[in-house]
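These are the residues of each chain, in order.
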Amino acid sequence: MRDFAAEMADRKAAGLYRSRRLISGPQRPALCADGQPVLAFCSNDYLGLASHPALTAAAADSLADVGLGGASSHLICGHHQAHHELEQRLATFTGRSSALFFSTGYMANMGVISALAGKEDTIFSDALNHASIIDGCRLSRATVRTYPHRDVDALAGMLADTPGHKLVVTDGIFSMDGDMAPLRELARLCHRHDALLIVDDAHGFGCAGPQGRGSVASLGLSEAEVPLVIGTFGKAFGTSGAFVAGPALLTDYLVQKARTYIYTTAMPPALARASCVSLELVEREQYRREHLQALVSHFRSSMVDLGYTLMPSETPIQPVMVGDAHAALALSKALEEQGLLVTAIRPPTVPQGASRLRVTFSAAHTEADLDRLLAGFAACVHLIRPVVDSLPATAHLTH
Ligand SMILES: *Cc1c(COP(=O)(O)O)cnc(C)c1O
């Protein structure tokens, strides 16, 4: 048998061991973690909706009405009116002809990509795409060609010398860097090379675009230009579940072929009801996005003044670059000693030498919360100065 214990010891020695904090009570910036009160800057609850009373009330009311369990897959007898209504709302929200509801974003990517590409086909995937996209590519058994992060020229060259059915897949907003894919250029390129473009906008929906309609909508790109968009309800929407939206032919095709849609129990319909209410709040409450943007701007200018290295991100995802995995852990620990929870992100989630603290903001954070975070970083500057110089060029550094 393989020496699992030795692998675990190596992991610890390399500063790569992962452990879980135990959270009690509702998700919000003021958390109880391992029994201690902390102010968290690491959740993806960007709009502060995860514990919103309108959503918990919608779920509770629906439980009385539709019960709890999904009971069966969608294709047997699990496709509930609540799922159906959510899909119709999602089609309108995304400006697409139709939408299909999945249980998680991970499953949506696995199912969509592996259904739409097969052995004879080629998938082009951005080097920094999310793990669920990478796994979807693997599951498809297609040839996978990774292009350098956001490099449209490199992708153009690769598309030009590849025959057959082609699929291009990208994060809309990259989950660990917070930057946006060059969507307009990708759409143009895919049109020219007859490639199918899929944008996973897990971090864009709710935050970017008019009424939170996402990165694709922020550029006004139509269904003809970006045929398929994928989103999750687990982040800005504050609930759970995911969706793909696009032409009815493709969503219908996915009902036939997407294994992570077909062979799994439907999500509890009460959750779909809560997600419908969340969608309304996301569309209507512009002030959440405005407040979020104000926090991000204030954070960026203050951190640069302190001497920290940030990434070129305008989104609620604000990585603070550190480099070495041990140093990232040390910085995270020093902040935690001040009651601030900001998790260190290390390989393999990010490239070697590109360890960082991934600060994320929520509309539920106050200006006073941000001031506490900045005071924490100000007290830790000495931990970071010696290591930023050693960052690799591939980490796309800017101030
Ligand atoms: C979080 C995330 C997912 C997975 O979504 P879940 O609903 O949490 O499974 C997919 N893609 C990207 C880019 C993500 O950041």
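Residues numbered from 1 in each chain as written. Predicted model: local features only at pLDDT ≥ 70, side-chain atom pairs only at ≥ 80, totals over all residues. Heavy atoms only, no water.

1. Brief notes about the nonpolar core
Of all hydrophobic cores here, the largest spans 76 residues; its most connected members are Phe 299, Leu 357, Phe 361, Leu 373 and Phe 377. For this core, the domains that each give at least three residues are domain 1 (17-47 + 286-390) and domain 2 (53-284). Excluding residues within four positions of it along the chain, Leu 357 makes contact with Gln 318, Pro 319, Val 320, Val 322, Ala 328, Leu 331, Ser 332, Leu 335, Val 342, Thr 343, Ala 344 and Phe 377. Ile 198, Leu 228, Ile 230 and Tyr 261 belong to the second-largest nonpolar core, a separate cluster that totals 25 residues. (Core = buried A, V, L, I, M, F, W, Y, C linked by side-chain atoms within 4.5 Å. Buried < 20%, exposed > 50% of the residue type's maximum accessible area, 1.4 Å probe, protein only. Domains from an automatic or database assignment. Contact = heavy atoms within 4.5 Å.)

2. Points about the sheet that holds strand S3 (residues 36-40)
Overall, mixed pairing links the 4 strands, which are arranged S1-S2-S3-S12 in an open sheet. Looking at which strands have only one partner, the edges of the open sheet turn out to be strand S1 (23-24) and strand S12 (340-341). Relative to S12, S3 runs parallel, the two being bridged by 2 bridges. Within S12, the residue paired with Ala 40 across the bridge is Leu 341. (Pairing = 2+ DSSP bridges. Helix = DSSP H or I, 4+ residues; strand = E, 2+ residues; numbered from the N terminus.)

3. Considering the domain arrangement of the protein chain
Each assigned domain of the protein chain is listed with its residue range as follows: domain 1 (17-47 + 286-390) and domain 2 (53-284). The centre of domain 1, based on its C-alpha atoms, is set 27 Å off from the matching centre of domain 2. Contacts between domain 1 and domain 2 engage 20 residues on the former and 18 residues on the latter. Here domain 1 packs against domain 2, burying approximately 1,500 Å² in sum over the two surfaces, 58% of which is carbon and sulfur. Summed over the three residues of domain 1 that lose the most area to domain 2, namely Tyr 46, Leu 47 and Arg 289, the buried surface amounts to 32% of that side. Here domain 1 is connected to domain 2 by 1 salt bridge. Here domain 1 is connected to domain 2 by 9 residue pairs in polar contact (both at pLDDT 80 or more). (Buried area = accessible area lost by both parts, 1.4 Å probe. Salt bridge = Lys/Arg side-chain N within 4 Å of Asp/Glu carboxyl O. Polar contact = N/O pair within 3.5 Å; in protein donor to acceptor, adjacent residues only side chain to side chain.)

4. Notes on empty space enclosed by the protein
The probe, sized like a water molecule, is rolled over the atoms to show the empty space still left. Tallied over the full model, the rule gives 1 cavity of 30 Å³ or more. Its boundaries defined by the atoms lining it, the largest cavity holds a volume of some 40 Å³. In terms of lining, the largest cavity is formed by His 74, Phe 101, Phe 102, Ser 103, Thr 260, Tyr 261, Thr 264, Thr 265 and Ala 266. Only strand S4 (98-102) and helix H11 (259-262) provide two or more residues apiece to the lining of the largest cavity. Of the residues contributing to the lining of the largest cavity, the split by class is 4 nonpolar, 5 polar and no charged. (1 Å grid on protein atoms, 1.4 Å probe; cavity = no way out; pocket = protein on both sides within 12 Å on 5 of 7 lines; lining within 4 Å. Points joined across faces, edges and corners; volume = space filled by probe spheres on them. Nonpolar A, V, L, I, M, F, W, Y, C, P; charged D, E, K, R; others polar.)

5. Overview of the state of the cysteines
On inspection of all chains with the given rule, the structure shows 0 disulfides. With no disulfide of its own, Cys 137 lies 13 Å from the sulfur of Cys 190, the closest cysteine sulfur. Distance from the sulfur of Cys 276, which forms no disulfide, to the nearest cysteine sulfur (Cys 207) is 19 Å. (Disulfide = S-S within 2.5 Å.)

6. Some remarks on the packing of aromatic side chains
Inspection of every chain in the model, using the stated rule, returns 11 aromatic pairs. A centroid spacing of 5.5 Å and a plane angle of 65° characterise the contact between Phe 102 and Tyr 261, whose relative ring orientation is edge-to-face. Separated by 159 residues along the polypeptide, Phe 102 in strand S4 and Tyr 261 in helix H11 bring together distant segments of the chain. Grouping residues by exposure puts Phe 102 and Tyr 261 together as buried. Above the plane of the ring of Tyr 17 lies Lys 12, whose end atom (NZ or CZ) is 4.5 Å from the centre. (Phe/Tyr/Trp six-rings, centres within 6.5 Å; stacked < 30°, edge-to-face > 60°. Lys NZ or Arg CZ within 6 Å of the ring centre and 35° of its normal.)

7. Regarding the side chain of Ser 114
Looking at the secondary structure, you find Ser 114 in helix H5 (residues 105-116). For Ser 114, a relative accessible area of 18% gives the class buried. Reaching out from Ser 114, the side chain makes a polar contact with the backbone oxygen of Gly 111 at a distance of 3.4 Å. When near neighbours in sequence (up to four residues on either side) are disregarded, Ser 114 contacts Asn 109, Gly 136, Leu 139 and Ser 140.

8. What about the site of the ligand?
Around the ligand, a shell composed of 13 residues is seen, among which Gly 105, Asp 200, His 203, Thr 232 and Lys 235 lie nearest. Between the ligand and the protein, one listed contact pairs a nitrogen atom with a side-chain N or O atom of Asp 200 at 2.5 Å. Here the element with the most residues in the shell around the ligand is H5; it accounts for 3 residues. Split by residue class, the shell around the ligand holds 2 nonpolar, 8 polar and 3 charged. (Near = heavy atom within 4 Å.)

9. Concerning the layout of surface pockets
Counted as a void, the second largest pocket has a volume near 280 Å³. If you trace the second largest pocket, you find 18 residues lining it, with Cys 207, Ala 208, Gln 293, Glu 314 and Thr 315 closest to the centre. Among the residues making up the lining of the second largest pocket, the classes are represented as 7 nonpolar, 8 polar and 3 charged. Summarising the domain contributions, the lining of the second largest pocket has at least three residues from each of domain 1 (17-47 + 286-390) and domain 2 (53-284).

10. Let's talk about the sheet that holds strand S5 (residues 122-126)
On the basis of which strands lie adjacent, the open sheet formed by 7 strands has the order S4-S10-S9-S8-S7-S5-S6 and mixed pairing. The open sheet has two edge strands, S4 and strand S6 (143-147), and neither has a second partner. Shown here is a sheet whose adjacent strand axes are inclined to one another by a mean of 20°, direction ignored. Relative to strand S10 (residues 242-246), S4 is paired through 5 bridges, and the arrangement is antiparallel. Pairing of Ala 99 across the sheet is with Ala 245, part of S10. Of the strands in this sheet, S6, strand S7 (166-171) and strand S8 (195-200) are in contact with helix H8 (residues 183-192), which crosses S8 at around 155°. (Axes fitted to C-alpha atoms, helices over the stretch in contact; angles between N-to-C directions.)

11. So, the pattern of salt bridges
Under the defined criterion, the tally for this structure stands at 12 salt bridges. A salt bridge links Arg 150 to Asp 179, with the shortest nitrogen-to-oxygen separation between them at 4.0 Å. Highlighted residues: Arg 150 in the loop between S6 and helix H7 (152-160) and Asp 179 in the loop between S7 and H8, separated in sequence by 29 residues. A relative accessible area of 38% places Arg 150 in the partly exposed class.

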